[in-house]
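# Commentary on secondary and tertiary structure
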Amino acid sequence: MPLEGEYEPGVAEWARSQAEKFEASKGAEAGELQGTPIVVVTNRGAKTGKLRKTPVMRVEHDGEYAVIASKGGAPENPAWYANLKKNPHVELQDGAVRLDYTARELEPGAERDAWWARALEVWPAYDVYQQHTLRLIPVFVLTPIG
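Residues numbered from 1 in each chain as written. Predicted model: local features only at pLDDT ≥ 70, side-chain atom pairs only at ≥ 80, totals over all residues. Heavy atoms only, no water.

A word on unusual backbone geometry. Positioned with a positive phi, Lys26 is a non-glycine residue whose angle comes to about 55°. Within the secondary structure, Lys26 sits in the loop between α1 (13–24) and β1 (32–33). Here the phi dihedral of Gln34 falls at roughly 50°; this positive angle occurs in a residue that is not glycine. If you trace the backbone, Gln34 turns up in the loop between β1 and β2 (36–44). (Helix = DSSP H or I, 4+ residues; strand = E, 2+ residues; numbered from the N terminus.)

Printed below as a string of structure tokens:
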């Protein structure tokens, strides 16, 4: 069941613009960040309940996706982290395909390690981000609903 409700753009103009262009063009425009493919995740705000859209690196394996809450190695998690924890039902748009998923945060261990390795293949800077923060950067796996 697709997410419905009022959309509230994020405060980061670059992310808002990229997500909106990507979505409006069905992935034909704004589909990369520094030459690396992205997907757009739509989630419900933990505090407002409004819909949020976030472009993230495309880390896909066997129909599931990982989203990495790196925030560039900042000491705190990105705002969308709390959204996924409270409201794990999300929509993910990969190109023109838009489907519903359930987000699940991975605990340290073999599964997280495997997804982290996949993420590093896509965006090696995640390793640099991890070196710049004391927190363990959260990894969510998005599993298709239905």
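Having seen the model, we can carry on.
Before going further, it helps to examine the environment of Ala28. Position of Ala28 relative to the elements: it lies in the loop between α1 and β1. Classification of Ala28 as exposed rests on a relative accessible area of 67%. Spatially, the C-alpha atom of Ala28 lies 6.8 Å from that of Gly95, the residues being 67 residues apart in sequence. (Buried < 20%, exposed > 50% of the residue type's maximum accessible area, 1.4 Å probe, protein only.)

Our next topic: the layout of surface pockets. Rolling a probe over the atoms, with the probe sized like a water molecule, indicates the empty space that remains. For the largest pocket, the calculated volume is near 900 Å³. Surrounding the largest pocket, 31 residues form its lining, Ala15, Thr54, Pro78, Ala79 and Trp80 being those nearest its centre. Of all the secondary-structure elements, those providing two or more residues to the lining of the largest pocket are α1, β3 (51–57), α2 (79–86) and α4 (125–131). Among the elements that take part in the lining of the largest pocket, β3 stands out by supplying six residues, more than any other. (1 Å grid on protein atoms, 1.4 Å probe; cavity = no way out; pocket = protein on both sides within 12 Å on 5 of 7 lines; lining within 4 Å. Points joined across faces, edges and corners; volume = space filled by probe spheres on them.)

Across the nine residues that make up β2, a large majority, seven, are buried. Sheet topology places β1 next to β2; two bridges connect them, and they run antiparallel. Counterpart to Leu33 in the pairing with β2 is Thr36. Between β1 and β2, which pair antiparallel in sequence order, lie two residues; one of them, Gln34, sits at a positive phi of approximately 50°. (Pairing = 2+ DSSP bridges.)

On to the pattern of salt bridges, then. A side chain with one charge can pair with a side chain of the opposite charge if their charged atoms come near. Counted according to the given criterion, the structure contains ten salt bridges. Between Glu8 and Arg52 there is a salt bridge, and its shortest N-O distance comes to 2.9 Å. One end of the pair, Glu8, is in the segment before α1; the other, Arg52, is in strand β3, and 44 residues separate them in sequence. Here Arg104 ties to Glu111 by a salt bridge, and the two come within 2.9 Å at their closest N and O atoms. Owing to a relative accessible area of 36%, Arg104 belongs among the partly exposed residues under this scheme. (Salt bridge = Lys/Arg side-chain N within 4 Å of Asp/Glu carboxyl O.)

A separate point is the packing of aromatic side chains. Per the counting criterion, the structure on display carries five aromatic pairs. Taking the ring centre of Tyr7 as reference, the NZ or CZ of Lys53 above it sits at 5.3 Å. For Arg118, the ring lying beneath its charged end belongs to Trp115, and the centroid distance is 4.6 Å. (Phe/Tyr/Trp six-rings, centres within 6.5 Å; stacked < 30°, edge-to-face > 60°. Lys NZ or Arg CZ within 6 Å of the ring centre and 35° of its normal.)

Before going further, it helps to spend a moment on α2. When α2 is considered as a whole, its buried residues turn out to be Trp80, Tyr81, Asn83 and Leu84. Across the axial projection of α2, the buried residues extend over an arc of 165°, all falling on one side. Among the exposed residues of α2, those pointing more than 90 degrees away from its buried face are Ala79 and Lys86. Against the buried residues of α2 lie β2, β3, β5 (64–68), β6 (89–94), β7 (97–105) and β8 (139–144). (Arc of directions from axis to C-beta. Contact = heavy atoms within 4.5 Å.)

From the geometry alone we can't say anything about function, so treat these as descriptive.
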